[in-house]
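# Summary of the model geometry
Take a look at the letters that make up each chain.
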There are 2 protein chains.
Amino acid sequence: MQSRATRQGRPTYDRDSLLEVAVTVFNERGYDGTGMEELAKRLGLSKSSIYHHVSGKEELLGLAVGRALDALFAGLDEVPDPSATATARLEHVVHRSVEVLAAELPYVTLLLRVRGNSDVEQQALERRREFDHRVAELVTRAAAEGGVRDDFDPHLISRLLFGTVNSLIEWYRPEGGMPVAALADALTAVLFDGLRGRSAS
Amino acid sequence: MQSRATRQGRPTYDRDSLLEVAVTVFNERGYDGTGMEELAKRLGLSKSSIYHHVSGKEELLGLAVGRALDALFAGLDEVPDPSATATARLEHVVHRSVEVLAAELPYVTLLLRVRGNSDVEQQALERRREFDHRVAELVTRAAAEGGVRDDFDPHLISRLLFGTVNSLIEWYRPEGGMPVAALADALTAVLFDGLRGRSAS
DNA sequence: ACGCTAACCGAATGTTCGGTCGGGAGACAA
DNA sequence: TTGTCTCCCGACCGAACATTCGGTTAGCGT
């Protein structure tokens with residue numbers, strides 16, 4: 001076995017840098033709408049060279065959505081204060097999810113567009129459902145302890161919450177000027193405090 | 001020219017009923033991921049018969065997204081009380097948009113997944129931008145009159161608002177039990193009153 | 001200078017794609 | 001019965017698709 005820095009051969013792309021470009025193109029044209037020829041053109045490589053790095057188009061998709069899911073679950077498992085209320089924990093998960101989404105934007109974007117056409121996509125949907133399920137549990141506990149209004153179904157609250165978070169992929173661009181922290185603060189503030197400063201139903 | 005009821009020939013599908021099935025399949029597999037053969041199978045027709053009703057795959061997409069956009073703009077133009085505040089009008093537009101989204105769910109779903117790969121898709125994106133622009137204007141006026149908290153950029157508020165509305169396509173199914181009115185009420189309540197019943201930042 | 005190997009390429013593979021074509025079958029008017 | 005119209009089909013086409021293969025190139029260690 002040799003280290004990455006001292007190996008032989010001609011160094012250009014490795015799996016990660018290739019994946020980065022591939023995911024960008026997939027997000028522009030859609031996974032199904034992207035051909036390997038278009039991908040090769042954007043990489044400055046020939047079509048056949050791609051197969052030296054990965055087994056095929058589907059593996060690229062698998063690597064991308066896997067990375068997104070790993071990051072999202074890491075944010076979910078990360079619990080700063082075990083004695084905190086479920087409500088505080090929920091707010092932390094939402095806030096953290098915005099940061100993860102921003103940090104891994106292209107990968108999460110691709111993940112959220114998966115429709116389940118292949119085995120890889122089916123498995124991705126499975127892991128997404130697991131994520132949603134654990135968030136819904138957290139919302140239920142937050143509602144039980146009175147931290148979240150109980151005039152609506154916790155499952156509905158959960159869906160609205162992460163519907164808003166996930167919708168960020170449609171417009172947010174980290175390089176566009178708005179800092180991630182500002183976005184996460186605004187989103188959690190609007191969702192948890194309400195659009196109007198005060199007022200009751 | 002003859003009327004629809006007294007025409008000759010063998011009646012089975014017409015453009016609308018064919019479109020309905022096509023949009024369903026497009027939403028399941030994705031537009032690019034759906035072949036005309038798969039479409040024909042689901043219609044109980046041969047591939048070539050589809051071309052008797054429409055000029056091709058792209059026209060089906062155009063008809064679908066056109067229908068979605070027409071419905072959304074109709075909801076936007078519909079102003080019940082011209083003397084109402086911008087805030088009240090905004091809340092009405094959000095509420096109405098949820099209803100439109102539910103009523104035209106498959107068509108709006110397809111619209112929101114368009115990426116701009118063809119002329120038809122580019123035009124759809126253009127009309128979507130026009131819609132977003134007019135909503136953003138409304139939010140700005142609502143913020144100016146003090147009906148919406150002004151510690152965040154109105155454009156951001158606008159994106160969060162319709163991000164949440166649009167995210168409904170990911171899970172809401174009208175036949176699943178929850179009435180549209182209940183969903184629209186819950187969404188506007190959570191977004192305009194806030195997740196917590198009271199409390200200030 | 002030489003050998004080794006990762007990285008790459010051009011050309012060709014079989015398959016699937018959206019779309020075309022000539023004709024058949026049923027329904028109505030005459 | 002005959003003509004005409006709508007609706008539909010099987011067979012087919014060129015192009016684009018993902019993938020494969022035999023062989024070449026460029027950089028590193030020796």
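Right, let's walk through the structure included here.

Definitions and cut-offs
Residues numbered from 1 in each chain as written. Chains lettered and ligands numbered in written order. Predicted model: local features only at pLDDT ≥ 70, side-chain atom pairs only at ≥ 80, totals over all residues. Heavy atoms only, no water. Least-squares fit on C-alpha atoms with pLDDT ≥ 70 in both. Contact = heavy atoms within 4.5 Å. Axes fitted to C-alpha atoms, helices over the stretch in contact; angles between N-to-C directions. Helix = DSSP H or I, 4+ residues; strand = E, 2+ residues; numbered from the N terminus. Parallel < 35°, antiparallel > 145°, perpendicular 65-115°, else oblique. Nonpolar A, V, L, I, M, F, W, Y, C, P; charged D, E, K, R; others polar. Buried area = accessible area lost by both parts, 1.4 Å probe. Salt bridge = Lys/Arg side-chain N within 4 Å of Asp/Glu carboxyl O. Polar contact = N/O pair within 3.5 Å; in protein donor to acceptor, adjacent residues only side chain to side chain.

## Things to note about the relation of the copies chain A and chain B
Rotating chain A by 180° and translating it 0.0 Å along the rotation axis places it on chain B, where the RMSD comes to 0.1 Å. Within this description, the copies of the chain are treated as partners about a two-fold rotation axis. Interface residue correspondence from chain A to chain B reaches 100%, placing this contact among same-surface, isologous pairings.

## A word on the packing of helix H4 (residues 57-77) of chain B against helix H6 (residues 105-112) of chain B
Residue and element names in this part refer to chain B. Between H4 and H6, the least distance of the axes is 8 Å, while the angle of their chain directions is 105°. Judged by the angle between their axes, H4 and H6 are roughly perpendicular. On H6, the residues touching Leu 61, Ala 64, Val 65, Arg 67, Ala 68, Leu 69 and Leu 72 of H4 are Tyr 107, Val 108, Leu 110 and Leu 111. Considering only residue class, the contact of H4 with H6 consists of ten nonpolar, no polar and one charged.

## Overview of the interface of chain A and chain B
In this complex, chain A contributes 42 residues to the contact, which on the side of chain B involves 43 residues. Carbon and sulfur atoms make up 58% of the area that chain A and chain B hide from each other, which totals about 3900 Å². Our enumeration of links across chain A and chain B arrives at zero salt bridges. Across the chain A-chain B interface, the total number found is four residue pairs in polar contact (both at pLDDT 80 or more). Mapped onto the side of chain A that touches chain B, the elements with two or more residues apiece are helix H1 (15-29), helix H8 (154-166) and helix H9 (180-193) of chain A. Of the residues in the side of chain A that touches chain B, the class split is 18 nonpolar, twelve polar and twelve charged.

Any functional reading would require information that these geometric values do not contain.
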